[in-house]
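A closer look at the structure
Residues per chain are reported as follows:
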Amino acid sequence: MVQFQFLDWFWVVLFLMVTVGLGVAFYRLGKRSESDFFLAGRGLPWWLPASSVYATHTATDTPIWVTGVVYKYGIAGLWYTFFAAWCAISAFVSTRIFRRSLAYTQAEWNTIRFHGLGAEMLRGWISGWQVFMNMFILGWVGIAMGKVCNYLFGWELWIGLVLFSSLCAIYVLAAGYWGVIMADFQQGIIAFLMIIIVSVWGIMAAGGPSMIAEKLTSMGQAWRMNPFAFTGWFEGDFPVAWFITMMIIAVIGGFGMGTSIDWYVEAQRIQSAKSVRDASYSIWWGTALVLTRNSVWAAAILAFYVISPNIPTQAEYELGWFKLGFEYLPVGLIGFFFAALIAIHVSTIASHLNLGAMYFTRDLYLHYFKPTASEKELVWVGRIATLILLLGSFFYGLMMEDITSWLIFALWLMAAGIWLPNILQVVWWRFNAWGYLSAWIANLGLSWLVVWILPHWGVIPPLPDYQQFWLLMLLGALIFIPVTLLTKHEPMEHLVKYYVQARPIGWWGPVKREAQKLGLLTHVELKNGGAK
Amino acid sequence: MGFIKRNWKPWEADEWRKEDWIAIILSPLCYILLMVGTVLSILLNIWGFILLALGVFLTWLMHWVIDPKLKMISSEYEKKQHDYLEELERNARWEEING
């Protein structure tokens, strides 16, 4: 347990007052319309959503996770965090396409890209799944805060979970996304500053950068400073084959939408940017900050390794970065560090509260229950949905110990088999709603087979996760490609409308030619001397 | 630099051109260089400074290549955005389907 002095508590209380007050200050803007409550009126300069991308993806469990992989694999463990690099290509491809669609959510985008019953089924499914997922993430992140408070003060787990999520909900309920984005900006700055301070403090506690290198070499652990220290091409638990798979998933995934679970959060930031350019830069720079922050963490974790090598249990070494802060910072700064942890925590909580509420309000309530709802009513539904998500997250958080492994499996199966369909829906005009739906359904069954059932009965050996990915992708394609080709493409009129507005990349030749024939791309016609 | 187009007409900017592909290739490289360069620089490794400097340069180059195109796409698109938003609302409220 850590002993707080007056100055420590002063920082914590001051921070809470500023962050809640700043969020609530935007109450009047948030209540103006649905667009304000969920997208801040679509008028933000790039650096505001960029700071939100950074703040949202700096959660209480992020330093625990990064510490775990870097302590185990050295700085090569940073590649585990490189999944965030889907934004590299997305910033200039799928972000641009999605921003031009103007869809509030990925579920709504489905009815713009696809048509008819299939599109509506997709919208219903994705929105329901996203409401659930946001509640789950809120519980997951919330209970991590419960654990941090338990480690620091000996509090019961539920206290840390309920207290800080509830404080955060005050400004989300009041000002919606305006509150989220404004609080994220100041929380992002505080969190980044503190990450630098704690990490530098930790590095100096280990004797400084040169001493860390010297000590690692004398311990026979110099490989920890090599970012490409793999365990072989296919051997060991960190092979090159895993690295190549990760690079493909992350980088090529940027051509698609939904190839990463983070896409759904970023989609909201993309639509809140005031222009296509602002949307692109917000995603690119927010992620650049995430990746360089991970680098700062990694250097600090090497310092922690030098100070405390050979910790046998993962649960213990995962808390390494927190220990650097709480055990080495002086009185006063410890309170500031805890305030930064609260900032890290509530920025993620706020984003997911508002995002889940948006799916509920826009895609379920407005589109399916009450299409005649007024703007005022939608803002109130958004607030009620926020409250329901908050209460649901307490429920999930408290039962998280039992269900985490199941839900991580659920996350994994959502990612693996639909990675390729998520790209095809953007780049291939012929891919239709039925192909995409069949991919989701097939993936549900195939994941169980490949991950658990077939290995259990000895039909196939237990496969490492990167091999499961390729197998699931191949088996899924054997289903969704025939389904796509055996069913009709979306009506050409619908595709042309989408093409003219969103200008997607990839194989859209027939749709483009139809748009030219209809005179909707007149400049191209003039340049080419007439439509082909 | 004639190879890189810096003045765009609206219809040209809407097309996917080589400048987009240059950004698509440079962007992941920038992330790799910035991430690896930062951690190695903190550890005072000489390769870290080299990689970080290269990452910063490529980041500048990428923006230099793509920014004029993005500006043109944005300014042209914002002119049509109001109409598109009205259509989006009609779709969400089933007005188009119900006539």
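Residues numbered from 1 in each chain as written. Chains lettered and ligands numbered in written order. Predicted model: local features only at pLDDT ≥ 70, side-chain atom pairs only at ≥ 80, totals over all residues.

So, the overall build of chain B
- For chain B, the helix and strand inventory stands at four helices and zero strands.
- Taken from the N to the C terminus, the helices and strands of chain B come in the order α-α-α-α.
- Projecting the C-alpha coordinates of chain B onto the three principal axes gives extents of approximately 65 × 35 × 15 Å.
- When each of the 99 residues of chain B is scored for burial, the buried share is 36%.
- Contacts in chain B between residues far apart in sequence, at least 24 positions, make up 59% of those at least 6 positions apart. (Helix = DSSP H or I, 4+ residues; strand = E, 2+ residues; numbered from the N terminus. Buried ≥ 20, exposed ≤ 12 C-beta atoms within 10 Å, placed from the backbone. Contact = placed C-beta atoms within 7 Å.)

Remarks on the interface of chain B and chain A
- Contacts between the two partners involve 31 residues from chain B and, on the opposite side, 39 residues from chain A.
- Sorting the residues of the side of chain B that touches chain A by element identifies helix H1 (10-14), helix H2 (18-42) and helix H3 (46-92) of chain B as the ones contributing at least two each.
- Here the side of chain B that touches chain A is built from residues that sort into 22 nonpolar, four polar and five charged. (Nonpolar A, V, L, I, M, F, W, Y, C, P; charged D, E, K, R; others polar.)

Re the environment of Leu463 of chain A
Residues and elements named next belong to chain A.
- Positionally, Leu463 belongs in the loop between helix H21 (433-456) and helix H22 (465-486).
- Given 16 C-beta atoms within 10 Å, Leu463 falls into the partly exposed group.
- Put simply, Leu463 and Gln130 are 333 residues apart on the chain and 29 Å apart in space, counted from C-alpha to C-alpha.
- Setting aside its immediate chain neighbours within four residues, Leu463 contacts Gln468 and Leu471.

Considering the nonpolar core
- Counting residues in hydrophobic clusters, the biggest one holds 207 residues, and the most contacted among them are Ala300, Ile301 and Ala340 of chain A together with Val39 of chain B.
- Among the elements that line this core, the one with the most residues is helix H10 (residues 157-205) of chain A, at 23 residues.
- Each residue touching Ala340 of chain A, except ones within four places of it in the same chain, is listed here: Ile190, Ala191 and Met194 of chain A. (Core = buried A, V, L, I, M, F, W, Y, C linked by C-beta atoms within 7 Å.)

Quick look at the packing of helix H8 (residues 106-113) of chain A against helix H9 (residues 116-153) of chain A
Residue and element names in this part refer to chain A.
- Their axes nearest at 8 Å, the elements H8 and H9 cross at an angle of 170°. Taken together, the axes of H8 and H9 are roughly antiparallel relative to one another. Note on element contacts: H9 touches H8 through Ala119, Glu120, Leu122, Arg123, Ile126, Ser127 and Gln130, opposite Gln106, Ala107, Glu108, Asn110 and Thr111.
- Split into classes, the residues belonging to the contact of H8 with H9 amount to four nonpolar, five polar and three charged. (Axes fitted to C-alpha atoms, helices over the stretch in contact; angles between N-to-C directions. Parallel < 35°, antiparallel > 145°, perpendicular 65-115°, else oblique.)

Some remarks on helix H7 (residues 94-101) of chain A
- Burial analysis of H7 of chain A places eight of its eight residues in the buried class, the great majority of the element.
- Within H7 of chain A the residues assigned to the buried category are Ser94, Thr95, Arg96, Ile97, Phe98, Arg99, Arg100 and Ser101 of chain A.

Side note on helix H1 (residues 6-24) of chain A
All names here are of chain A.
- With 19 residues, H1 should reach 27 Å at 1.5 Å per residue; the first-to-last C-alpha distance of 27 Å fits that figure.
- Residues Asp8, Trp11, Phe15, Thr19 and Gly23 constitute the buried set of H1. Take H1 and look down its axis: the buried residues cluster within an arc of 75°, on one side only. Opposite the buried face of H1, at more than 90 degrees from it, the exposed residues are Phe6, Val13, Met17 and Gly21.
- On its buried side, H1 packs onto H10 and helix H17 (333-369). (Expected span 1.5 Å × (residues − 1). Arc of directions from axis to C-beta.)

Comments concerning the confidence of the model for chain B
Residue and element names in this part refer to chain B.
- With 95% of its residues at a pLDDT of at least 70, chain B reaches an overall mean of 92.
- Of all the helices and strands in chain B, helix H4 (residues 95-98) carries the lowest mean pLDDT, 61, while H2 carries the highest, 97.
- For this predicted complex, the interface confidence score (ipTM) comes to 0.94, while the overall pTM stands at 0.93. (pLDDT = per-residue confidence, 0-100.)

A look at unusual backbone geometry
Residue and element names in this part refer to chain A.
- A positive phi angle, close to 55°, is found at Arg42, a residue other than glycine.
- Following the sequence through the fold, Arg42 ends up in the loop between helix H3 (34-39) and helix H4 (47-56).
- Residue classification places Arg42 among the partly exposed residues on the basis of 19 C-beta atoms within 10 Å.
- Not every positive phi belongs to a glycine, and Asn310 is a case in point at roughly 60°.
- Judged by the 8 C-beta atoms lying within 10 Å of it, Asn310 falls in the exposed class.

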